[in-house]
Amino acid sequence: MQIKENHKINIKVKNLLFFLFVFSFLMNSSLVFGQKEYVVVIDAGHGGKDPGNMGNGYKEKNIALKVALIVGKKLSKANDIKVVYTRDDDVFIDLWKRGEIANHAKADLFLSIHCDSHTSNAYGAGTFVLGLRGNKKNLEIAKRENAAIFYEDNYEEKYKGFDSNSAESVIGLSLLQEENLDRSLAIASLIQHSFTSKLKRHDRKVKQDNFQVLRETIMPSVLVELGFLTNKTEGRYLNSKKGQEQMGTAITAAVLNYIGNLKLNTVNNNISESKVVGNIEYKVQVASGKNKIETKAYNFKGLRDIERVPVGSFYKYYYGNTSNYSSVKQSLRAAKSKGYTSAFIVAFKNGEKISVQEALKIQ
C-alpha cells in the first residue's frame, strides 16, 4: 500500500515539474507572450432614434454601421487584434457611453465612423482628431455631430456647461489627451492616405476639432467622415455595397499599418541591445500638444530633464535622451511607471527622426 502511495506521489511530482517547465517556457517565449493583444473600439455614428444626416434620402446611421462592421470583420482576422463595437445594430447609444465602452475595454484605438453633409455640393473624405476649435467650417461639422447629445436622457445634467453651438464651450486638451494626440494624428494621417492613394477620394485633410465623442475617450481616437451624403454622386457611392466595402478596406489597411508601427516600439528581448553609433539618439516621447508646458518635474509626474521640442504649431515632450537602446528602455519603463502608459520610444539620426527599427540596424 505504501509503495503504491509513493508511486502516486512520484507521478504527481513529475507532472508538477513538467507543468512548471512548460509554464516557464511559455512565460519566457516571445512568440507567445510577446504578442500584445491590441484592442480597437469601432463606433458606428448615430443609430436608433438618431438617424444622423439624411442627405439625398440616405441614412448616415445605416452607412456608418455597415462600414464599421466591415472594418471590424477584417480586423478580427488578425490574431493579435480584438474588436469591440459600441453598437453592432440599429440602436441609439449615448455619446458618453461610447467613450465609456472604449475606456472600459482599455482600447488602444477608438475609431468613430460618420458621413458628412453640406448645403453646397461639397465632397471628399476627412478625418478628425480632438483639438481646440479650428476654423468656422470645422466647427459647424462638430456642432452637427454633437447634436446627438440632445437625443440622450437627462442630457442637461450629463453635459452641464457644454453648449454644442458655442465655440467658447471648447475645452483644452488635458495632458493625458496630449499624450495621445501624436498617435491620433498618426492614425488619422494613415487613414487619409489610404483614402486618397488607394481610392483616389478627394482629400479633405486631417483636422482637429471638438467632437464630444472624442472628448470622452482616453486613448488615441479619430472620427472619420467617409464623405458627403448631400453630394449625389458621393452619396450614391457610400450607400452602395461597393463603396462601403472599399471604404472599409481602406480604413482597415490604415489601422493594420498603425498597429504594425506600434509593434516596432514594443520591447523585444531578441533585439540586440548593444550601444549604437554616436549619431543615433533614442528618446521617450511622453506627451505632445499645442500647450507650451514648463519642463519642470512637477508638471511631468516627477520626471526630470524633460526636453520640449516645437514641431510646427505643436510641442513634443521627450524624456531619457541616450544613444543606448538598453538605457532608453529603462527610461520607457520609468515613464510608464509614472502613469505615462502611452509613452513610446523614438529615434533620431543626426537630428532627423527615423524609425526605431532603422536605428537598431545602424550598429
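Residues numbered from 1 in each chain as written. Predicted model: local features only at pLDDT ≥ 70, side-chain atom pairs only at ≥ 80, totals over all residues. Heavy atoms only, no water.

We now examine the confidence of the model for the protein chain. Here the protein chain averages 79 in pLDDT, while 73% of its residues score no lower than 70. Across residues 167–177, where pLDDT falls below 50, the model places 29 contacts with residues more than four positions away in sequence or in other chains. Every residue in residues 267–277 is under pLDDT 50, and counting partners more than four places away or in other chains gives 21 contacts. (pLDDT = per-residue confidence, 0-100. Contact = heavy atoms within 4.5 Å.)

Alignment of strand S8 (residues 307–311) against strand S9 (residues 314–322), held across five bridges, turns out to be antiparallel. Residue pairing in the sheet places Glu 307 in a bridge with Tyr 318 of S9. The hairpin turn running from S8 into S9, its antiparallel successor, is two residues long, and Gly 312 in that turn takes a positive phi close to 65°. (Pairing = 2+ DSSP bridges. Helix = DSSP H or I, 4+ residues; strand = E, 2+ residues; numbered from the N terminus.)

What follows deals with the nonpolar core. Core analysis: the biggest nonpolar cluster contains 42 residues, and Leu 111, Ile 113, Phe 195, Leu 226, Ile 251 and Val 255 have the highest contact counts within it. For this core, the element with the highest residue contribution is helix H9 (residues 241–263), accounting for eight residues. Residues within four places of Ile 113 in sequence aside, it is in contact with Ile 42, Asp 43, Ala 44, Gly 45, Ala 64, Val 67, Ala 68, Val 224, Leu 226 and Ile 251. With 24 residues, the next largest nonpolar core counts Val 328, Ala 335, Ala 343 and Leu 360 among its residues. (Core = buried A, V, L, I, M, F, W, Y, C linked by side-chain atoms within 4.5 Å. Buried < 20%, exposed > 50% of the residue type's maximum accessible area, 1.4 Å probe, protein only.)

What follows deals with the packing of helix H2 (residues 60–75) against H9. In helix packing, the relevant descriptors are the interaxial angle and the interaxial distance, both defined with respect to the helix axes. One way to put it is that H2 packs onto H9 with a least axis distance of 8 Å and a crossing angle of 45°. With respect to each other, H2 and H9 are oriented oblique. Taken as a pair, H2 and H9 cross one another with a handedness that is right-handed. Between H2 and H9, the contacting residues are Ile 63, Lys 66, Val 67, Ile 70, Val 71, Lys 74 and Leu 75 on the first element and Gln 244, Glu 245, Gly 248, Thr 249, Ile 251, Thr 252, Val 255 and Leu 256 on the second. Broken down by class, the residue content of the contact of H2 with H9 amounts to eight nonpolar, four polar and three charged. (Axes fitted to C-alpha atoms, helices over the stretch in contact; angles between N-to-C directions. Parallel < 35°, antiparallel > 145°, perpendicular 65-115°, else oblique. Left-handed = near helix turned anticlockwise from the far one by under 90°. Nonpolar A, V, L, I, M, F, W, Y, C, P; charged D, E, K, R; others polar.)

All right, on to the environment of Asp 108 then. Within the secondary structure, Asp 108 sits in the loop between helix H3 (95–104) and strand S3 (109–116). Taking the C-alpha atoms as reference points, Asp 108 and Ser 342, separated by 234 residues in sequence, lie 9.1 Å from one another. Once residues lying within four places of it in the same chain are set aside, the contact partners of Asp 108 are Lys 36, Glu 37, Tyr 38, Val 39, Met 219, Pro 220 and Tyr 258.

Let us now look at the sheet that holds strand S10 (residues 344–349). Within the open sheet, the five strands sit side by side as S8-S9-S7-S10-S11. Their pairing is antiparallel. Strand pairing shows two members of the sheet lacking a second neighbour, S8 and strand S11 (352–354), which therefore form its edges. Averaged over all pairs of adjacent strands, the angle between strand axes in this sheet comes to 45°, irrespective of strand direction. In the packing of helix H10 (residues 325–337) onto the sheet, the strands contacted are strand S7 (280–289), S9 and S10, and the crossing angle to S7 comes to about 20°.

Once that is clear, we can look at unusual backbone geometry. With a phi angle near 60°, His 46 is a residue other than glycine that sits in the positive phi range. Note on placement: His 46 falls in the loop between strand S1 (38–44) and H2. One non-glycine residue with positive phi stands out, namely Asn 56, at about 55°. Owing to a relative accessible area of 40%, Asn 56 belongs among the partly exposed residues under this scheme.

Turning our eyes to something else, we now look at the sheet that holds strand S2 (residues 81–85). Read across the sheet, six strands follow the order S2-S1-S3-S6-S4-S5 without closing on themselves; strand pairing throughout is mixed. If you trace the sheet from one side to the other, it starts and ends with S2 and strand S5 (203–209), each paired once. Each adjacent strand pair in this sheet contributes to an overall mean axis angle of 20°, direction not counted. Looking at chain direction, strand S4 (residues 125–130) and strand S6 (residues 221–228) are connected through three bridges and run antiparallel.

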